[in-house]
Structure formats: C-alpha cells, structure tokens
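# Overview (structure and organization)
One-letter residues, chain by chain:
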Amino acid sequence: MKKNIIFIIISFVVLSLVIVSWIILPNEVAVQICFDGEVSNTMPKAFAIIIPFLVSSFGLALTYTDLLRDKEKDNKNNKTKGLVISIIGIAIMILTLVFNL
C-alpha cells in the first residue's frame, strides 16, 4: 500500500513538472553551463522536457511492474530501483527549470 501511494505521488509530480516546464521554459533551453556561468550548450524545449520525462516514466514502469508482482519478495533492491530512477528524472527536470529561470 505504501508503494502505491508513493507511485501515485511521483506520477503526479512528474506530470506537473512536465506541464510547468512546457509553460515556463524558453524555446531554447540551456542544458550545460560553464564554470564562468555562460551557457555552453542548448537544446530545443521539447527535447529538454521529453528526455527527463522518459527517464521518470521508465522508473515508474519498473515500479509498476514491481507492484504487480509484489507477492515475490526475492530482492528488495529491485523494489526501490524504479523509484530511484524516477526521482533522478524529477531532479533533472527541476535542475533544468532552475538553470533556465
């Protein structure tokens, strides 16, 4: 039950960040910044949103398949692997928003 709630919360956060990113980000998104603070690499807004969304979606898919076969308690590390990957995708989206505001 606890994993179901976490799965729902992470799914909501991912979708919310995608919507906010689409509204707030400029058409050319800074994805790399040099030590001096200058932008060294940019990417179109669609790719800058889709890539972290796919990372989070992959993690959520792993979590969902683990939730479906929850009766097998063979490896506890596999249960949290999907959640960690989803959180990495969320962190990428948040960093993209922070660097471009």
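Report follows, based on the coordinates. Predicted model, so just to flag it, every value in this text is computed and none were measured.

### What to know about the packing of aromatic side chains
Within this structure, the stated rule accounts for one aromatic pair. The ring centre of Trp22 lies 4.6 Å from the NZ or CZ of Lys45, which sits over that ring.

### Describing the nonpolar core
Of all hydrophobic cores here, the largest spans 15 residues; its most connected members are Ile10, Val14, Leu17, Leu25, Leu60, Ile90 and Met93. Contributions of two or more residues to this core are made by α1 (2-24), α2 (45-68) and α3 (76-99). Per-element tally for this core: the top contributor is α1, with five residues. Excluding its chain neighbours within four sequence positions, the residues that come into contact with Val14 are Phe53, Ser56, Leu60, Ile90 and Met93.

### Looking at the environment of Val29
Within the element layout of this structure, Val29 appears in strand β1 (residues 28-33). Along the sequence, Val29 and Thr96 sit 67 residues apart, while their C-alpha atoms lie 7.9 Å from each other. Discounting residues that sit within four places of it in the chain, Val29 has contacts with Asn41, Thr42, Met43, Lys45, Ala48, Thr96 and Asn100.

The rules behind these values
- Residues numbered from 1 in each chain as written.
- Predicted model: local features only at pLDDT ≥ 70, side-chain atom pairs only at ≥ 80, totals over all residues.
- Heavy atoms only, no water.
- Phe/Tyr/Trp six-rings, centres within 6.5 Å; stacked < 30°, edge-to-face > 60°.
- Lys NZ or Arg CZ within 6 Å of the ring centre and 35° of its normal.
- Core = buried A, V, L, I, M, F, W, Y, C linked by side-chain atoms within 4.5 Å.
- Buried < 20%, exposed > 50% of the residue type's maximum accessible area, 1.4 Å probe, protein only.
- Helix = DSSP H or I, 4+ residues; strand = E, 2+ residues; numbered from the N terminus.
- Contact = heavy atoms within 4.5 Å.

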